[in-house]
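Listed below are the residues making up each chain.
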Amino acid sequence: MASSERSALLTYRLCGGSGEEERGRERARGRAAAAAPRKLPTFLGVVVPTLLSMFSVVLFLRLGFVVGHAGLYQALAMFAVAYFIIGMTVLSVCAIATNGALDAGGAYYMISRALGPEFGGSIGIMFFLANVCGSALYVLGLVEAVVDSFGIPPGQKVGTGVHVLPQSYWYELLYGTVLLALCLLVCLVGASIYAKATFLIFLIVAAVLGTILISFFATRPIGVPIRLPHFNGSETENGSFTGFSLATLRDNLGGGYGVDYTTGQMMSFSSVFAVMFNGCTGIMAGSNMSGDLKRPSYSIPRGTISAVLFTYLVYNLLAFLMCATCNRTLLQKDYGFLRDISIFPPLVTVGIYAATLSAAMSNLIGASRILYALARDDLFGRALALAKKTSASGNPVMAVILSWLVVQLVLFSGKLNTIAGVVTTFFLLVYATVNLACLALEWASAPNFRPTFRYFTWHTCLLGIAGCCVMMFLISPVSASASLGFLLLLLLALHYLSPSSTWGYISQALIFHQVRKYLLMLDVRKDHVKFWRPQMLLMVQNPRGSARLIDFVNDLKKSGLYVLGHVELQDLDTLPSDPLQPQQDSWLSLVDKLNVKAFVSLTLAPSVRHGVRQLLFTSGLGGMRPNTLVLGFYDDAAPQDGLARHPAFTSTREEVPLGFPPLRAPAAPKLLSAREYVGIVADALKMLRNVLLARQLESLDKAWELRRAASPPPSIHVWPVNLLRPDSARYADTCSLFLLQMACVLNMARAWRRARLRLFLCVEAGAMPHAQEEKLRQLLKDLRIQAQIQLVPWDAVTRLHWQTQRGPPGGPAPAGVEEEEEGAVNFPANATQVSDEYVCAANKLVLEQSPAPAVRFLYLPRPPANTSLYPLYLHQLELLTRGLGPTVLVHGVSAVTSTQL
């Protein structure tokens, strides 16, 4: 008992995985104890990877491109928009990262544990593709830099000096493959070697950046010849480094979009922004290393925010320096101009190579960690089983190799600017989802959402989502639409195919939050008969014998509340724990398998009658409480196991839920007596609940009845007259109208729309039957109920009643009842006598109406006030419904029909 109480606390992790995941991590830590997989500090594990991912292609090869086409004003606006988007995202990342223990997978891990497996898995795939495409983009940028430095100039067949590398699509693909193989080798060694390599590269990049800043001040004005490809040859244009010049600054303030010389496409704000934004997509580089950090919750917020602020300042400073010193031709036509104006060009070349190579490795290792996390979570089953394999030190080598293969495929695109828009779209989509995850956690108001990072609100999350979505469609509506469509397909596939998880579903928290709010707004004092709907409480002793009844009542509820009630006859004082908790899962699984929209309410009681009272008093919440009690009929029929024959179980290989006991044997005693059963009906009516008694509903084959190609179509027979009181055969009392309403509600259900309502009007000779029929037809018209009215003469039946009114009563009489009481059965207060012969005649009258219906609705009389007459009352109900097939006895106590708008 104590261990079960402590287990929830001991295993609690807001972002934690399943028990299998925990055991897997423990085994991995045991194998790699000497290697200490979590050993990267904040600077090496977060700041350095983030800076290198953001200071790569854009800083060295595309910042001049951005400023040259957009001008200083628009470039600064682009940086402001981009950093506003990633700033909001960084706040969300920090909030999620400081709300629990993080593991490998970075953004995927955060989103999956926050939003559940469907969102997590689908966004995980999108983030994997974003990192793959990003790695390919940086490799292509590195190839571009290598070819620019060592490639044979356009128009020449033989190289001179250091320009010896041939230039063509296939040669550049070969160079990219070789460089990617180098990244693969580093990533296969592991995160530790990668961190050391990136730190060395960081030192080089820092030195290069310092050299570039000095060069803007130290280099004298020079002209820079630029050789550009032109048809089968080349042409030369002259760019200028003017030094600090007010005229140059004025010329570069406004936009001047031209043709990109590498792709031949006309540039625009959106296309230039797509290229520029790739310099901002490295904010997740530290998060991707979350499985290798000493303290992820501490390192990720501090390291990421520091890196983002630093890069923003550097980008703006360099943009201003470029606009003040370089003419537009140099900026637009020479992507490697920083090398040309540097005081030490070889160092810039080395810096470009190092930064782009590091960014490529960062995205490759990030993609492999995401793929490994996806495989370990088993969201895609065997499709990613290969990616689970790791080395002895815990490095996911197969995930690295698979990621490398996908990057290699992306390299076939050929040019950096070609895939820049796709990469930006993927990253924007991921960032929008990270913001969505944080927004959902904030809106759910869960007590356990207590991040130590508090500099965020739902406003920042919403702004981040809006910014990402707007920029996605501005950059490329086609790519954005395709990405969202692919994401939706993944969501649907994972929703229906992925196994259930123990991570927790944010949707449940949000639904709870909204339902509570709207339940408080549902005021019972504002109820109106126009908007009445049945709210059912169906009492079920054993679901094995009630499967079809459960399904039938589901059709009767008309979007109302539906509760499956069950009473367990035990005393909690004599038990060590609540016996209902283990049964709850079996009942919920039953609801899922039968596909009924029902709640489950179980209770302990000393008797069935007391248990039903409890459920009638306590079931529901606020304005959603049961107004109708449904019971199976009390007779001597042996229960049949309809659950095993139900299509929901016969169509699959799954076993019938084992949480339900076997059915009662025919000779075994019942759990309640006839007197107690009628007492339950009387209790419900006293509590102003409507009552339905369902007999032989387990024999109703709804699928066969409603889909058979028969003529005429299936019918529903409605007898709105109290057949046990022939002296008060009225059709317009509250109970009769409720009976009509329930038959109409069943007919409105989708599965029963083919059925036809047949309303039977019992008439006697000399009672102007046509006038009665016209009056009833007008009532149906006022109530908007379509039904066929059929006149049924019942003089022969009523004659039996009047002949025996003063004779001895029929049927068994309870012991100890005096002769006068035996001759008068109050239903509820009339002094009439109903004989078995009369009831049997009424039963025969109902049975003779052909063709046989799918189900019959009959009037249920109120139980007698004298409790000693309960057995006689039940005996007459049994005679009335004997052999009728599926029958529902109905008694209504509330007004449910309206003729008003």
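Higher on the page you've got the structure.
Residues numbered from 1 in each chain as written. Predicted model: local features only at pLDDT ≥ 70, side-chain atom pairs only at ≥ 80, totals over all residues. Heavy atoms only, no water.

Side note on the overall build of the protein
Right, so step 1: What the protein contains, in helices and strands, is 32 helices and 12 strands.
Right, so step 2: Classification of the 901 residues of the protein by burial places 55% in the buried group.
Right, so step 3: Pairs at least 24 residues apart make up 82% of the contacts formed inside the protein by residues separated by at least 6 positions.
Right, so step 4: As presented, the protein carries roughly 39,500 Å² of accessible surface, and 61% of it is formed by carbon and sulfur atoms. (Helix = DSSP H or I, 4+ residues; strand = E, 2+ residues; numbered from the N terminus. Buried < 20%, exposed > 50% of the residue type's maximum accessible area, 1.4 Å probe, protein only. Contact = heavy atoms within 4.5 Å. Areas by Shrake-Rupley, 256 points an atom, 1.4 Å probe, with all protein chains shown as cover.)

Here's the deal with helix α29 (residues 795-803)
Right, so step 1: Turning to α29, its buried residues are Val797, Thr798, Leu800 and His801. Angularly, the buried residues of α29 cover 145° about the axis, an arc narrow enough to put them on a single face. Along α29, the residues that are exposed and aim more than 90 degrees away from the buried face are Ala796 and Gln803. (Arc of directions from axis to C-beta.)

Remarks on empty space enclosed by the protein
Right, so step 1: Evaluation of the coordinates by the stated rule reveals 2 cavities of 30 Å³ or more.
Right, so step 2: Considering only enclosed or pocket space, the largest cavity measures out at about 70 Å³ in volume.
Right, so step 3: Around the largest cavity sit 12 residues that line it, and Asn131, Thr281, Gly282, Ala285 and Asn363 are the ones nearest its centre.
Right, so step 4: Elements with a contribution of two residues or more to the lining of the largest cavity: α6 (117-150), α11 (285-288) and α15 (345-376).
Right, so step 5: For the lining of the largest cavity, the element with the highest residue contribution is α6, accounting for 3 residues. (1 Å grid on protein atoms, 1.4 Å probe; cavity = no way out; pocket = protein on both sides within 12 Å on 5 of 7 lines; lining within 4 Å. Points joined across faces, edges and corners; volume = space filled by probe spheres on them.)

Observations concerning a nonpolar patch on the surface
Right, so step 1: There is a patch of nonpolar side chains on the surface, built from Phe43, Phe199, Leu200 and Leu203 and spanning about 360 Å² of accessible area.
Right, so step 2: Broken down by element, the nonpolar patch gets its largest block of residues, 3 residues, from helix α8 (residues 191-218).
Right, so step 3: Mapped onto the secondary structure, Leu203 falls in helix α8. (Patch = residues over 30% accessible without salt bridge, like charges linked within 9 Å, V, L, I, M, F, W, Y side chains within 5 Å. Salt bridge = Lys/Arg side-chain N within 4 Å of Asp/Glu carboxyl O.)

Some words on the packing of helix α18 (residues 458-475) against helix α19 (residues 477-497)
Helix packing geometry: the angle between the two helix axes and the distance between the axes.
Right, so step 1: Interhelical geometry of α18 versus α19 gives an angle of 125° and a closest axis separation of 5 Å. Classified by the interaxial angle, the pair formed by α18 and α19 is oblique. Counting all contacts with α18, which are made through Met472, Phe473 and Ile475, the residues of α19 involved are Pro477, Ala480, Ser481 and Leu484.
Right, so step 2: Looking at the contact of α18 with α19 residue by residue, the class counts come to 6 nonpolar, 1 polar and no charged. (Axes fitted to C-alpha atoms, helices over the stretch in contact; angles between N-to-C directions. Parallel < 35°, antiparallel > 145°, perpendicular 65-115°, else oblique. Nonpolar A, V, L, I, M, F, W, Y, C, P; charged D, E, K, R; others polar.)

Re the nonpolar core
Right, so step 1: Judged by nonpolar contacts, the single largest core of 165 residues is most densely connected at Leu59, Phe60, Ile86, Phe216, Leu318, Leu338 and Tyr431.
Right, so step 2: Of the residues forming this core, the biggest block, 26 residues, is contributed by helix α4 (residues 57-97).
Right, so step 3: Apart from residues no more than four positions distant in its own chain, Ile86 is found in contact with Met54, Phe277, Cys280, Ile283, Val308 and Tyr431.
Right, so step 4: Grouped together as the second largest cluster of nonpolar side chains are 61 residues, Met536, Phe649, Cys744 and Leu759 included. (Core = buried A, V, L, I, M, F, W, Y, C linked by side-chain atoms within 4.5 Å.)

A closer look at the layout of surface pockets
Right, so step 1: Reported here for the largest pocket is a volume of approximately 1,300 Å³.
Right, so step 2: In terms of lining residues, the largest pocket is bounded by 43 residues, among which Gln541, Gly545, Ser546, Phe633 and Pro639 are the most central.
Right, so step 3: Residue assignment for the lining of the largest pocket shows that the elements contributing at least two residues are β4 (562-569), α22 (581-594), α23 (608-618), β6 (628-632), α25 (674-686) and β7 (690-695).
Right, so step 4: The greatest single-element share of the lining of the largest pocket, amounting to 4 residues, is contributed by β4.
Right, so step 5: In terms of residue class, the lining of the largest pocket is built from 26 nonpolar, 11 polar and 6 charged.

Describing the packing of aromatic side chains
Right, so step 1: Applying the stated rule across the entire model yields 22 aromatic pairs.
Right, so step 2: Seen in terms of ring centroids, Trp443 and Trp458 are 5.8 Å apart; in terms of plane orientation they differ by 50°. Their pairing is tilted. Here Trp443, found in helix α17 (residues 416-444), pairs with Trp458, found in helix α18; they are 15 residues apart in sequence, far enough to count as distant.
Right, so step 3: Through a chain of ring-to-ring contacts, the aromatic side chains of Phe127, Phe269, Phe273, Phe277, Phe427 and Tyr431 assemble into a single cluster.
Right, so step 4: Note that Lys517 overlies the ring of Tyr518, its terminal NZ or CZ placed 5.4 Å from the centroid. (Phe/Tyr/Trp six-rings, centres within 6.5 Å; stacked < 30°, edge-to-face > 60°. Lys NZ or Arg CZ within 6 Å of the ring centre and 35° of its normal.)

Some remarks on the pattern of salt bridges
Any two side chains of opposite charge can pair, so long as their charged atoms come close to each other.
Right, so step 1: In total, this model carries 11 salt bridges according to the counting rule given.
Right, so step 2: Residue Asp683 is joined to Arg613 by a salt bridge in which the shortest nitrogen-to-oxygen separation is 2.9 Å. Pair noted here: Asp683 is in helix α25 and Arg613 is in helix α23, with a separation of 70 residues, a long-range link.
Right, so step 3: Look at Asp683 and you get buried, because its relative accessible area is 6%.
Right, so step 4: Here Arg695 and Glu878 are joined by a salt bridge, their closest N and O atoms 3.0 Å apart. Highlighted residues: Arg695 in strand β7 and Glu878 in helix α32 (residues 870-881), separated in sequence by 183 residues.
Right, so step 5: Overlapping salt bridges, with partners in common, bring together Asp635, Arg695, Glu878 and Arg882 in one network.

Focus on unusual backbone geometry
Right, so step 1: Residue Pro851 is bonded to the preceding Ser850 through a cis peptide linkage, with omega at 0°.
Right, so step 2: Position of Pro851 relative to the elements: it lies in the loop between α31 (836-848) and β11 (855-859).
Right, so step 3: A positive phi is found at Asp378, a non-glycine position, where the angle reads about 60°.
Right, so step 4: Among the structural elements, Asp378 can be located in the loop between α15 and α16 (397-410).
Right, so step 5: The backbone phi angle of Asn595 is positive, close to 60°, even though this residue is not glycine.

What about the sheet that holds β11?
Right, so step 1: Taken in spatial order, the 10 strands of this open sheet run β5-β4-β3-β6-β7-β12-β11-β8-β9-β10, and their pairing is mixed. Every interior strand has two partners, whereas the edge strands, β5 (599-605) and β10 (788-793), have only one. This sheet shows a mean twist of 25° between the axes of neighbouring strands, independent of strand direction.
Right, so step 2: One ladder, built from 3 bridges, connects strand β3 (residues 536-539) with β6; its direction is parallel. Along β6, the bridge assignment pairs Met536 with Thr628.
Right, so step 3: On top of the sheet, α31 reaches β8 (715-719), β10 and β11; it is set at about 145° to β11, its chief contact. (Pairing = 2+ DSSP bridges.)

Side note on the pairing of β7
Right, so step 1: For β7, the tally of buried residues reaches 6 of 6 residues, placing the bulk of the element in the interior.
Right, so step 2: Covered by surrounding structure in β7 are Asn690, Leu692 and Ala694 together with Val691, Leu693 and Arg695, the residues of both alternating faces.
Right, so step 3: Pairing geometry for β6 and β7, over 5 bridges, is parallel. Counterpart to Val630 in the pairing with β7 is Leu692.
Right, so step 4: Inspection of the sheet shows β7 paired to strand β12 (residues 887-891) by 5 bridges, in the antiparallel sense. Residue pairing for β12: Leu692 is matched across the bridge by Val890.

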